[in-house]
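# Descriptive analysis of the structure
Letter by letter, the chains look like this.
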Amino acid sequence: MAIKTILCIEDDRFIGEMYVRSLKKAGYDVDWMVDGNDGLVAARNKPYDLILLDIMLPERRGSEILQALRGKEDLIPNTKIIVLTNFDQDEESRVAMEHNVDAYLIKAEITPKTLLKVVSALDGKAAQSGQ
Amino acid sequence: MATVKKIPIPPKVGEYWPRYRRRALLITVVVQLIAAILIIFPLANSGAVASTGDLILAIVTVLTATMLLNIILVMHLLVPLGDISAALTHISGEPTIVKPPNPNDRHFEQDGFKPLLQLVYAVSSQRDNKQEGGESDDTTSVNFEDILSTLPVGFVAMNADGKIIYANKAAPVRVDSDGNSNLELLFDQNDTLEKWVAECNERSVHGEKIWQRIANKIPGEEDRKIYDISASYEKGKTAEVVLTLIDRSGTYQPEDDDLDFIAFAAHELRGPITVIRGYLDVLGEELEASLDEEQTELLSRLVVSSNRLSGYINNILNASRYDRRHLKLRLKEDSLANIYDSIKDDMHLRASSQRRLLSVDLPDTLPTIAADATGVSEVLGNFIDNAIKYSHDGGVVTVTAEATDDFVTVLVEDKGIGMPDQVVRNLFHKFYRSHRSRETVAGTGIGLYICKAIVESHGGTVGVRSTEGQGSVFTFSLPVYASVAEKLKANDNSNEKFIGKGEGWIKNHAMYRG
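Before going further, it helps to spend a moment on the overall build of chain B. A count of helical and extended segments in chain B gives 15 helices and 14 strands. For chain B, buried positions account for 40% of its 514 residues. Residue pairs in contact within chain B that sit at least 24 positions apart in sequence constitute 64% of those at least 6 positions apart. Counting only carbon and sulfur atoms, one obtains 57% of the accessible surface of chain B, whose full area is about 28,900 Å².

Shown next as structure tokens:
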């Protein structure tokens, strides 16, 4: 299952626009939500191939969204999740999140170009494991 | 036993014996006199004795002789009683001038009195032990527990099976659904209480250890407390492990809040940097064809500066974490070439935009290392950045590596301004900047400090050789993966989902070596 549809949950308008622009240019189908509540609703209502999840979000933090989606049971088993944040959490919280996601990246350390590489790497993995 | 119990009752033990002896002698004398009278009267009446003078003489002689004999007899019979009395007086603790009888005296051994005396002394020592241990314990331990329960310091006692046999109120102990008490403490997984106890079990009779900054809950949860913990281990005791926990939240929490502040500040700073770096990358690609040489050069300066800025923020975050013992690394098998690859473009851009030549030779043939890729790339970046800053226009910065025993050593060499000895000595201290570099080169003085912290957290070392006016060689060594692989695998907490080659990822520290 190749990655085609992407949900970007990002409250920083500049950063959101930047990622959406690059992803769309690369041919992905991208929806963009700017707050945590809308993000969670969108993630539940539509089966995305990939979710880009920020942590410091208004209304509902990324960690809560993750908990709601993959806490008790995995509501989105066919969706990959990349956490994209500039917030350096404490180790314990970070490890807890990393267990439930496919990648955890610091936004300031990557450019849109790097993000595209990571997405296609995830895609490659998915293809390899025969999904 | 009954006799023993009466010992402390007044009048004094020591007074009994002389009184009894006096009375015994008095009775002897009186009995003798009565006996004499009973003999004298029938004799006098019967007229069997010739004269009164003879009679008196006979009476006095017999009376004196029998009385003396009787007194001697009584005194002799009273000797054992005197000895027992002296022994008892002695063990009663009363002041006395009488010497306690020694059961080892020859005459005691000969007449068989020795075991009797020994018994008296043995009973006495049993009584003493009881007072010190058992009996007094029964009466005071209840109070002791009361006292412990009101203390703000946590106490936990565990038996040889690691089961909690006592915990006071202040101790962070949680009772699970099966009714078992468990410690609610988040030890660093490489330095847990269980590990230490297991080590003690294996090789010590007695042990002590102190942990600092151990929290009971992850940040953000209610009632989070941070403890300093002191543990003692005594093999064979009922309470084999005793923990004392001091709640230091008051001290550590504000420091953690500072850390939160720094994390939030970094979050704010990183937002604009993300956009700057991102769009610079996008623009560089999209405008590539239309920019002239100078414009390309200007753009690359923007890229270099924004990358540096991002690196500085990481340095500040890492340094504040390290100071608060929060710096965690995850070591896995990696190659230097691979790690350098992630910063290669950035480094070459930095060098070329400042007109330095950067020559990097990190061959694939080097053994793999146990490294936290992000951490090591930050160290490499800082070292190379420094070499660029402190070398001359057009100068060469050379990065090489060599394998020695269990380490791979990276050398970053410049032919720049170099440093005198006293500068070299302080180089890895936080915020240290040499007088000269303060005037001429931008920087925070935090880079080398955090480099040292990161390398040492890997179990490696940093070093520097420098000659003023000729240049410097900065080195850092990291453990060869094979030399620590076993220890790393033992700590595998398997997060295979993380992008990369998951070899099990690990927190701190130098403990992986040796």
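This brings us to the sheet that holds strand 13 (residues 461-467) of chain B. Residues and elements named next belong to chain B. Read from one edge to the other, the open sheet built from five strands follows the order 9-11-12-14-13, with strand pairing classed as mixed. Edge positions in the sheet fall to strand 9 (357-361) and strand 13, since each of these pairs with one other strand and no more. On average, adjacent strands in this sheet sit at an angle of 15° to one another, irrespective of strand direction. Contacting strand 9, strand 11 (396-404) and strand 12 (407-414), helix 10 (residues 336-353) crosses the sheet at an angle of about 170° to strand 9. Those strands touched by helix 11 (residues 373-389) are strand 9, strand 11, strand 12, strand 13 and strand 14 (471-479), and its axis lies near 175° from that of strand 14.

Next up on the list: the interface of chain B and chain A. Taken together, the contact pairs 31 residues of chain B with 34 residues of chain A. Here chain B and chain A share an interface that buries about 3,100 Å² over both sides, 54% of which is from carbon and sulfur atoms. Of the charged contacts, one joins Glu286 of chain B and Lys25 of chain A as a salt bridge, the two residues approaching to 3.1 Å between their closest N and O atoms. Scanning the region where chain B abuts chain A turns up 11 residue pairs in polar contact (both at pLDDT 80 or more).

Another aspect to go through is the environment of Ala371 of chain B. Residue and element names in this part refer to chain B. Assignment of secondary structure puts Ala371 in strand 10 (residues 369-371). Judged by relative accessible area, which is 0%, Ala371 ranks as buried. In this structure the C-alpha to C-alpha distance between Ala371 and His458, which are 87 residues apart in sequence, comes to 6.9 Å. The contacts of Ala371, once residues within four sequence positions are left out, are Arg330, Leu331, Lys332, Ile339, Val376 and His458.

The next subject is the packing of aromatic side chains. Residues and elements named next belong to chain B. Summed over the entire model, instances satisfying the criterion amount to eight aromatic pairs over all chains. Plain terms: the ring middles of Tyr16 and Tyr20 are 5.8 Å apart, the flat faces sit at 25° to each other, and that makes the pair stacked. Of this pair, Tyr16 and Tyr20 both sit in helix 2 (residues 13-46), four residues apart, which is roughly one turn of the helix. With a relative accessible area of 42%, Tyr16 lands in the partly exposed category. Judged by its relative accessible area of 29%, Tyr20 is partly exposed. Taken together, the aromatic side chains of Phe187, Trp196, Trp211 and Tyr233 make up a single cluster linked through ring pairs. Just above the ring of Tyr252 sits the side chain of Arg248; from NZ or CZ to the centre is 5.1 Å.

Residues and elements named next belong to chain A. The buried fraction of strand 1 (residues 5-9) is high, at five of five residues. Residues Thr5, Leu7 and Ile9 point to one face of strand 1 and Ile6 and Cys8 to the other, with burial holding for every one of them. Bridge count for strand 1 against strand 2 (residues 29-33) is five bridges, and the pairing is parallel. What sits directly across from Ile6, in strand 2, is Val30. The parallel pair strand 1 and strand 2, bridged by helix 1 (residues 13-25), forms a crossover whose chirality is right-handed. Note: strand 1 against strand 3 (residues 50-53), four bridges, orientation parallel. Bridge pairing in strand 3 places Ile6 opposite Leu50.

Residue Glu59 of chain A is not a glycine yet carries a positive backbone phi of 75°. Of note, Glu59 of chain A is situated in the loop between strand 3 and helix 3 (62-70). For Asp405 of chain B, which is not glycine, the phi dihedral falls at a positive 45°. Looking at the secondary structure, you find Asp405 of chain B in the loop between strand 11 and strand 12. Take Asp405 of chain B: its relative accessible area is 79%, and that puts it in the exposed class.

For the coordinates displayed, the defined rule picks out 19 salt bridges over all chains. Residue Lys107 of chain A is joined to Glu10 of chain A by a salt bridge in which the shortest nitrogen-to-oxygen separation is 2.7 Å. Within this pair, whereas Lys107 of chain A is found in the loop between strand 5 (103-106) and helix 5 (112-128), its partner Glu10 of chain A is found in the loop between strand 1 and helix 1, the two being separated by 97 residues in sequence. The two residues Lys107 of chain A and Glu10 of chain A agree in class, both being buried. Each of Arg308, Asp346, Arg350 and Asp385 of chain B takes part in a single network of salt bridges with overlapping partners.

The next subject is helix 2 (residues 36-45) of chain A. Residues and elements named next belong to chain A. Within the span of helix 2, buried status applies to Gly36, Gly39, Leu40, Ala42 and Ala43. Each buried residue of helix 2 lies within a common arc of 165° when the element is viewed along its axis, so the set occupies one face. Exposed side chains of helix 2 directed beyond 90 degrees from the buried face belong to Arg44 and Asn45. Lining the buried residues of helix 2 we find strand 1, strand 2, strand 3 and helix 3. The opening residue of helix 2, the one whose side-chain oxygen lies 2.8 Å from the backbone nitrogen of Asn37, is Asp35.

Counting residues in each nonpolar core, the largest one holds 52 residues, and the members touching the most others are Leu336, Phe383, Ile384 and Phe476 of chain B. Discounting residues that sit within four places of it in the chain, Phe383 of chain B has contacts with Val412, Leu448, Cys451, Val462, Phe474, Thr475 and Phe476 of chain B. Counting 22 residues, the second largest nonpolar core, distinct from the first, contains Leu23, Val30, Leu50 and Val118 of chain A.

Turning next to the environment of Glu240 of chain B. All names here are of chain B. Residue placement: Glu240 occurs in the loop between strand 6 (226-234) and strand 7 (241-247). According to the relative accessible area criterion, Glu240 is buried, its value standing at 5%. For Glu240 and Val205, which are 35 residues apart along the polypeptide, the C-alpha to C-alpha distance reads 10.0 Å. Leave out the neighbours within four places in its chain, and Glu240 touches Met158, Asn159, Ala160, Asn201, Ser232, Tyr233, Glu234 and Lys235.

This part takes up the packing of helix 11 of chain B against helix 14 (residues 447-457) of chain B. All names here are of chain B. It is at 9 Å that the axes of helix 11 and helix 14 come closest, and there the two elements cross at 145°. As for how helix 11 packs across helix 14, the hand of that crossing is left-handed. Across from Gly375, Glu378, Val379, Asn382, Phe383 and Asn386 in helix 11, the residues of helix 14 making contact are Gly447, Leu448, Ile450, Cys451, Ile454 and Val455. Of the residues contributing to the contact of helix 11 with helix 14, the split by class is seven nonpolar, four polar and one charged.

What counts, and where the lines are drawn
Residues numbered from 1 in each chain as written. Chains lettered and ligands numbered in written order. Predicted model: local features only at pLDDT ≥ 70, side-chain atom pairs only at ≥ 80, totals over all residues. Heavy atoms only, no water. Helix = DSSP H or I, 4+ residues; strand = E, 2+ residues; numbered from the N terminus. Buried < 20%, exposed > 50% of the residue type's maximum accessible area, 1.4 Å probe, protein only. Contact = heavy atoms within 4.5 Å. Areas by Shrake-Rupley, 256 points an atom, 1.4 Å probe, with all protein chains shown as cover. Pairing = 2+ DSSP bridges. Axes fitted to C-alpha atoms, helices over the stretch in contact; angles between N-to-C directions. Buried area = accessible area lost by both parts, 1.4 Å probe. Salt bridge = Lys/Arg side-chain N within 4 Å of Asp/Glu carboxyl O. Polar contact = N/O pair within 3.5 Å; in protein donor to acceptor, adjacent residues only side chain to side chain. Phe/Tyr/Trp six-rings, centres within 6.5 Å; stacked < 30°, edge-to-face > 60°. Lys NZ or Arg CZ within 6 Å of the ring centre and 35° of its normal. Right-handed = clockwise from strand over helix to strand, strands pointing away. Arc of directions from axis to C-beta. Core = buried A, V, L, I, M, F, W, Y, C linked by side-chain atoms within 4.5 Å. Left-handed = near helix turned anticlockwise from the far one by under 90°. Nonpolar A, V, L, I, M, F, W, Y, C, P; charged D, E, K, R; others polar.

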